[in-house]
Amino acid sequence: MAQKKKTHRGAAKRFKLTATGKVRRHQTGARHILTKKSRSRKRRLRQEVEQTGALARAVKTLLG
């Protein structure tokens, strides 16, 4: 009998899968040194973005 696959907990805390299977992640650069960043830039950094390419495929493996 094959073992069950386990979710990589580190990846689970950082990425989300959408209903259509796309990978969502938070933007980087929103933690510190915020005084020199514009208000609109900081507002954009709050949004989640879609992860594409090889990293998205790797994350799906870790979450699946």
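Cut-off values and rules
Every chain begins its residue count from 1, and numbering advances along the sequence as written. Only residues with pLDDT of at least 70 get local features here, since the model is predicted, and only at 80 or more are side-chain atom pairs given and counted; chain-wide, interface and lining totals rely on the full set of residues. Each side-chain value is worked out from all heavy atoms of the structure, with water and hydrogens disregarded. Secondary structure elements are taken from DSSP: a helix is a run of H or I of four residues or more, a strand is a run of E of two residues or more, and numbering for both begins at the N terminus. In this treatment the radius of gyration is a C-alpha quantity, and the globule benchmark scales as 2.2 Å times the residue count to the 0.38 power. Burial status follows relative accessibility: with a 1.4 Å probe on protein chains alone, a residue under 20% of its type maximum counts as buried, one over 50% as exposed, and anything between as partly exposed. Should DSSP find at least two bridges between two strands, the strands are regarded as paired. Here, patches come from residues exposed beyond 30% relative accessible area and free of salt bridges, joined within 9 Å for like charges and within 5 Å for nonpolar side chains (Val, Leu, Ile, Met, Phe, Trp, Tyr). In short, Shrake-Rupley with a 1.4 Å probe defines the accessible areas, and a residue's cover is counted only from the protein chains shown. Whenever a carboxyl oxygen of Asp or Glu lies within 4 Å of a side-chain nitrogen of Lys or Arg, that contact is scored as a salt bridge. Lys and Arg are tallied as positive, Asp and Glu as negative. Neither His nor the chain termini are counted. Just so you know, the charge point we use is NZ for Lys, CZ for Arg, CG for Asp and CD for Glu.

(A) A look at the overall build of the protein chain. Along its length, the protein chain carries three helices and three strands. Mapped from its N terminus to its C terminus, the protein chain presents α and β elements in the order α-β-β-α-β-α. Whereas a compact globule of 64 residues would reach a radius of gyration of roughly 11 Å, the protein chain reaches 15 Å, over 25% beyond that. Principal axes of the C-alpha set define a box for the protein chain whose edges measure 55 × 20 × 20 Å. Each of the 64 residues in the protein chain was classed as buried or not, and the buried ones make up 14%.

(B) Here's a closer look at the pairing of strand β2 (residues 23–26). Across three bridges, the pairing between strand β1 (residues 15–17) and β2 is antiparallel. Considered in β2, the bridge of Leu17 is made with Val23. The turn linking β1 back onto β2 is made up of five residues, and Gly21 within it adopts a positive phi angle of 95°. One ladder, built from four bridges, connects β2 with strand β3 (residues 48–51); its direction is antiparallel. In the sheet register, Val23 faces β3, and the bridge partner there is Gln51.

(C) Just a positive patch on the surface, in detail. A surface patch of like charges, here positive, comprises Arg39, Arg41, Arg43, Arg44 and Arg46. Here Arg39 is to be found in helix α2 (residues 39–45).

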